[in-house]
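# Observations on the three-dimensional arrangement
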Amino acid sequence: MVERSVNLATAAHDRTRAGAGPARPDNGVRELVDYNYLSTTTGERKTIRAAHQLYEHLISLWAPAIIETAHDLGVFARLSKGPGTVAELAADLDTDQRATRVLLGGLVAYGVLERSDDDGESRYVLPEEFRHALLPGGTFSLVGKMAHDRHVAWAAWRNLGDAVRHGTRDRSGNDRTNQISETNYEDLTFGINFWAPPIVDVLSSFLAESGWRKDQAVSVLDVGCGTGLYSQLLLERFPSWTAEGIDAPRIIPLATRQAEKVGVGARFTGTVRDFWQHGWGEIVDLILFANIFHLQTDDSVQKLMRSAADVLAPDGLICIADQIVVDEARPTTAQDRFALLFAASMLATGGGDAYALSTYDQWLAEAGLERVAVLEAPMHRLLLVGHAGRHTRAH
């Protein structure tokens, strides 16, 4: 087993902003209403202001419609080759010129494209920072997310009311796990790769400060690994570590190829395994559950917890990176707000939830585990877990 000195009670947990740049002036989303011109002094004025706020939420659907339509038409692929005018883009894409101008204007309003006016002619440019996110093939491409929207989410959201009326229970009355197909899971897995680097940054800092050294042999098990990027990025940071990713037959070849791309192919093993039916192999030091529990029911989560406890080293840790709600009544943090909205997405697209931290604590106790620390990432929380009584609980 790996020997390490761990003092989790004194490990710093405010590392989520370490190395981060200043917040964007527009806070990441561009406001569509100037609230400086809306008074809150009287009842009627407050109602008018509230109507503007609700309207701003309702028209949020414009953003995915415009961005995904541009992808479907090939706008980003064309602009990746160089800037273009409306006339040039309409000719290249075989689209109506006036309608193309309107679509490009929407992309500029959302900050996805830039427009330059030189010599009286407007040209549209795809900024370099968006290039890899909007084109297929990149590690952090959102093309898979857009495919998931097209194949699953758009239609599912229209039927959210039915899901609210009837819930997501099967005919026997039990909650069902998320019903996403392997094909759509593949699209979505690649479409959310960009979540991984900041989460791994937070986890790596915590582990390093807790005594997990780069020169020690540490074994990592990545459960439901998807592309395997979380464990692969850990291997990048800890060159003596090895990892095994387990997932479905359709997914493991993708993870294996990506391990080679990341440069850790010799230390990453992809294994086809149904982790509901079979054992998880030998004892390991670190178990990763990245974006797994929100797809589960109460019963399936408890089964995963018990299976993890069975193969976790006595001084090992489990890392759960997911949409974990801390304050459901007053969701003032980005993590809580995103988690609550993400839960609605799970409801619409086939089942799942964003569970409260207190609920996780109950599951852990039933599996002989306990919370060690809670860390925050841009959109997620990381729950660090160990065998009950084996770690000093960090506050």
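As the structure is a prediction and not an experimental result, all values here were calculated from the model.

### Details of the overall build of the protein
A count of helices and strands for the protein gives 15 helices and nine strands. Here the contacts in the protein between residues at least 6 apart in sequence split such that 70% fall between residues at least 24 apart. Only carbon and sulfur atoms are counted for the fraction: they give 52% of the accessible area of the protein, which is about 20,200 Å².

### With respect to the sheet that holds strand 4 (residues 242-247)
What the seven strands build is an open sheet, ordered 5-4-3-6-7-9-8; its pairing is mixed. Of all the strands in the sheet, just strand 5 (268-272) and strand 8 (369-376) have a single pairing partner and so form its edges. For this sheet the average axis-to-axis angle between neighbouring strands, irrespective of direction, equals 20 degrees. As paired strands, strand 3 (residues 219-223) and strand 6 (residues 284-290) are joined by three bridges and run parallel to one another.

### Digging into the pairing of strand 6
Across the seven residues of strand 6, seven count as buried, placing the element largely inside the fold. As defined by bridge partners, strand 6 adjoins strand 7 (residues 312-322) across six bridges and the pair is classed as parallel. Across the sheet, residue L288 finds its bridge partner in strand 7, namely C319. Regarding the hand of the β-α-β motif, the stretch spanning strand 6, helix 13 (residues 298-311) and strand 7 is right-handed.

### What to know about the packing of aromatic side chains
Inspection of the entire model under this criterion finds 12 aromatic pairs. Between the aromatic rings of F289 and F293, the centroid separation amounts to 4.8 Å while the plane-to-plane angle is 35 degrees, which identifies the pairing as tilted. Each member of the pair, F289 as well as F293, is classed as buried. With a centroid separation of 6.0 Å and 25 degrees between ring planes, the pair formed by F293 and Y360 is classed as stacked. In this pair, F293 is assigned in the loop between strand 6 and helix 13 and Y360 in helix 15 (residues 357-366), connecting sequence segments 67 residues apart. Like F293, the residue Y360 is buried in the burial classification. Ring pairs connect the aromatic residues W280, F289, F293, Y355, Y360 and W363, which therefore count as one cluster.

The rules behind each value
Residues numbered from 1 in each chain as written. Predicted model: local features only at pLDDT ≥ 70, side-chain atom pairs only at ≥ 80, totals over all residues. Heavy atoms only, no water. Helix = DSSP H or I, 4+ residues; strand = E, 2+ residues; numbered from the N terminus. Contact = heavy atoms within 4.5 Å. Areas by Shrake-Rupley, 256 points an atom, 1.4 Å probe, with all protein chains shown as cover. Pairing = 2+ DSSP bridges. Axes fitted to C-alpha atoms, helices over the stretch in contact; angles between N-to-C directions. Buried < 20%, exposed > 50% of the residue type's maximum accessible area, 1.4 Å probe, protein only. Right-handed = clockwise from strand over helix to strand, strands pointing away. Phe/Tyr/Trp six-rings, centres within 6.5 Å; stacked < 30°, edge-to-face > 60°.

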